[in-house]
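Below, each chain spelled out in residue letters.
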Amino acid sequence: MQDMPENEEIGQLLSGTYIHYFHCLRIVEILKGTEASTKNIFGRYSSQRMKDWQEILSLYEKDNAYLAEISSFLVRNVSYEIPSLKKQIAKCQQLQQEYGRKEVECVNGASDLREKFYTSCKKYGITGDNIKKELLALVKDLPSSLGGMIEGVCSLSEAIELYQACVNFICESPSEVVVPMLRCVLQKGNITVYEWKTGICPSVIERPQNEEPLEQVTEDTIDWGDFGSISPANTETTGYGISLDDAGQAEDIDWGISVQPIAQEASSDGIDWGDDEATPVEIEVVEAGSEDGTARGPDALSLLENPDTRNQFIDELMELEVFLSQRLIETNEEADVLAVCQFQTAPAILQNQTADKMTTVLTTVKALLDQLTNQKMQHLFLIHASPRYVDRVTELLHQKLKQADQLLLKQQVLIQKRQDALAEQAALEPKLDLLIQRTKEFQKLIEADISKRYSQRPVNLMGVTV
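Residues numbered from 1 in each chain as written. Predicted model: local features only at pLDDT ≥ 70, side-chain atom pairs only at ≥ 80, totals over all residues. Heavy atoms only, no water.

1. So, the overall build of the protein chain
In step 1: Along the backbone of the protein chain there are 16 helices and two strands.
In step 2: The 466 residues of the protein chain split such that 30% are buried.
In step 3: For the protein chain, contacts bridging at least 24 residues in sequence account for 73% of all contacts bridging at least 6. (Helix = DSSP H or I, 4+ residues; strand = E, 2+ residues; numbered from the N terminus. Buried < 20%, exposed > 50% of the residue type's maximum accessible area, 1.4 Å probe, protein only. Contact = heavy atoms within 4.5 Å.)

Listed below in structure tokens is the structure:
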């Protein structure tokens, strides 16, 4: 095959992966033109090249082996090769669609996570550029926020007096004081819990310190000394301050123990068992830090910083809100004879109240409750109570950004996989086209050969679909 004349068509025929009978037949026809000079008077060729290819043709034509070979090629292509390539191409297309769908899911998921991140930051009142620093800065503004609430409480003095007058008039219990904490805040401001409990202004305020976790001691940090380096030889030369020669001096050691003679006067008659009548024991309970006027621990916090007193403050605001709402409903309703008779002897503060005034005060109370109970303020109180909460919130928000970044990285991987599937499809499609073309050629060659055997009758191979 290497000793062939230079011919472009022969080179193309021999460049394939396999050569069949019809390729050999075409090569012999070409050689008849190139080897014409070697033809003798008997019509035979003296060229060894021509003799070899003619021998190959004779072997193919023996028992019609060439027809069986070309038929096997046709059956294999139709039954196995072409369906296999089509399946691979369909798989590549399916992978591209799946990867494209997952890319969209990753982009949407990352967008949702970032939206949740910015929504959470908005609830906390931060931008999200430096989460921990911004949260700590919000805590620094907490006293000014609480001061604004105290100013709002100052506008509730008339509502508190109205509530007190109504309770005194209806319940006939003038000694009962309503909403005591609101009254205290109205008079003294946001004082410490110590002053609220004792009524005394503390001279020293020791605010509670937030404890940091202690480092656990491990074996690596323990200094065991040189115990491990002691050998029997060293024990003889090492002095521990103990000598066996001093055993005789043990009697001279003063252990600080002395035996006193038993007094003869000590008898049952000399024991004072107290009076026969039981004396009442008086126990005085002293508040923490009340002896020296120092407010310590939770008592050093202000009323709105301490969770217990803050809850009581909120409860009293809600109590005042319910009273004003009910009183507003009663005022707007048509007065009946019983109500008119009942409030004829009521104090002037009850008779002079109008619906507009109570609506204004009720709006102020609801605004204060909203400021104290909204999510941002609740988070600020938690951060103020525990700095570790800042780390938890920071980690939670950073986790959303990390998940969004991971989805974007996954999207890049999916894009690469989709491109690989597209490249594989692009490589398989020319192979499929070439295989279909050769299969159709096989079909035509077989039909032509069989037609030649039956006087050029038309022959059509059925069941061959490519």
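Okay, back to it.
2. Points about the packing of aromatic side chains
In step 1: In this structure the tally under the stated criterion is three aromatic pairs.
In step 2: The interplanar angle of 70° and the centroid separation of 5.2 Å between the aromatic rings of Phe 117 and Tyr 118 together place this pair among those described as edge-to-face.
In step 3: It is Arg 310 that lies over the ring of Phe 381; its NZ or CZ is 3.8 Å from the centre. (Phe/Tyr/Trp six-rings, centres within 6.5 Å; stacked < 30°, edge-to-face > 60°. Lys NZ or Arg CZ within 6 Å of the ring centre and 35° of its normal.)

3. Comments concerning helix α11 (residues 307-332)
Each α-helix turn comprises 3.6 residues. Residues three or four places apart therefore point the same way.
In step 1: When the terminal C-alpha atoms of α11 are compared, their 37 Å separation across 26 residues agrees well with the 38 Å that a helix rising 1.5 Å per residue should span.
In step 2: Buried residues of α11: Thr 309, Arg 310, Phe 313, Ile 314, Glu 316, Leu 317, Leu 320, Glu 321, Phe 323, Leu 324, Arg 327 and Leu 328, and no others.
In step 3: For α11, the N-terminal capping position is held by Asn 306, with its side-chain oxygen 2.9 Å away from the main-chain nitrogen of Asp 308. (Expected span 1.5 Å × (residues − 1). Polar contact = N/O pair within 3.5 Å; in protein donor to acceptor, adjacent residues only side chain to side chain.)

4. Some points on the environment of Val 459
In step 1: Looking at the element boundaries, Val 459 is found in the segment after α16 (388-453).
In step 2: When the C-alpha positions of Val 459 and Asp 449 are compared, they lie 9.2 Å apart, and in sequence the two are 10 residues distant.
In step 3: Aside from chain neighbours lying at most four places away, what touches Val 459 is Glu 447, Ile 450 and Ser 451.

5. Section: the side chain of Arg 310
In step 1: With respect to the helices and strands, Arg 310 occurs in helix α11.
In step 2: Of the buried charged residues, Arg 310 lacks a salt bridge, with Glu 305 as the closest side chain of opposite charge at 8.0 Å.
In step 3: Those residues in contact with Arg 310 that sit more than four places away from it in its chain are Leu 303, Leu 304, Glu 305 and Phe 381. (Lys, Arg positive; Asp, Glu negative; His and termini not counted. Salt bridge = Lys/Arg side-chain N within 4 Å of Asp/Glu carboxyl O.)

6. Topic: helix α4 (residues 65-124)
In step 1: Across its 60 residues, α4 extends 86 Å between first and last C-alpha, which sits within 8% of the 88 Å expected from 1.5 Å per residue.
In step 2: The largest bend in α4 amounts to roughly 45° and is located at Asn 77.
In step 3: In the segment just after α4, Gly 125 is the residue with positive phi, at about 85°. (Bend = angle between axes of the 7 residues up to and from the residue.)

7. What to know about the pattern of salt bridges
Pairing is possible between side chains that carry opposite charge, provided their charged atoms lie close to one another.
In step 1: Applying the stated criterion across every chain yields a total of 10 salt bridges.
In step 2: In this structure, the salt-bridge partner of Glu 103 is Arg 418, at a minimum N-O distance of 2.8 Å. Here the residue Glu 103 occupies a position in helix α4, and Arg 418 occupies one in helix α16, the gap between them amounting to 315 residues.
In step 3: According to the relative accessible area criterion, Arg 418 is partly exposed, its value standing at 28%.
In step 4: A salt bridge links Lys 197 to Asp 299, with the shortest nitrogen-to-oxygen separation between them at 3.2 Å.

8. Overview of the environment of Ser 325
In step 1: When you line up the elements, Ser 325 lands in helix α11.
In step 2: With relative accessibility at 23%, the residue Ser 325 sits in the partly exposed group.
In step 3: On a C-alpha basis, the gap between Ser 325 and Leu 362 in space is 7.2 Å, while along the polypeptide they are 37 residues apart.

9. Some details on the packing of helix α7 (residues 157-171) against α11
In step 1: Remark: α7 packs on α11, axes separated minimally by 11 Å, with the N-to-C direction vectors making an angle of 70°. Accordingly, the angle class assigned to the pair α7 and α11 is roughly perpendicular. Across from Ala 159, Ile 160, Leu 162, Tyr 163 and Cys 166 in α7, the residues of α11 making contact are Glu 319, Leu 320, Phe 323 and Leu 324.
In step 2: For the contact of α7 with α11, a count of residues per class yields eight nonpolar, no polar and one charged. (Axes fitted to C-alpha atoms, helices over the stretch in contact; angles between N-to-C directions. Parallel < 35°, antiparallel > 145°, perpendicular 65-115°, else oblique. Nonpolar A, V, L, I, M, F, W, Y, C, P; charged D, E, K, R; others polar.)

10. A word on the nonpolar core
In step 1: Counting 55 residues, the largest nonpolar core has Leu 135, Phe 313, Leu 317, Leu 320 and Leu 324 as the members making the most contacts within it.
In step 2: Setting aside its immediate chain neighbours within four residues, Leu 324 contacts Ala 159, Leu 162, Val 361, Leu 362 and Val 365.
In step 3: Leu 57, Phe 73, Phe 442 and Ile 446 belong to the second largest nonpolar core, which has 17 residues in total. (Core = buried A, V, L, I, M, F, W, Y, C linked by side-chain atoms within 4.5 Å.)

11. So, the environment of Asn 460
In step 1: Tracing the backbone through its elements, the reader meets Asn 460 in the segment after α16.
In step 2: On the basis of relative accessible area, Asn 460 is assigned to the exposed category, the value being 60%.

12. Thoughts on the confidence of the model for the protein chain
In step 1: When the pLDDT values of the protein chain are averaged, the result is 76; 71% of them are 70 or greater.
In step 2: Low confidence marks residues 283-290, where pLDDT is under 50. Its contacts with residues over four positions away, or in another chain, come to nine contacts. (pLDDT = per-residue confidence, 0-100.)

13. Some words on the side chain of Gln 164
In step 1: Take Gln 164: it is sitting in helix α7.
In step 2: You can call Gln 164 buried: its relative accessible area is 8%.
In step 3: Looking at Gln 164, its side chain comes within polar contact range of the main-chain nitrogen of Val 178, at 3.0 Å.
In step 4: In this structure the side chain of Gln 164 is engaged in a polar contact, spanning 3.0 Å, whose partner is the side chain of Arg 183.

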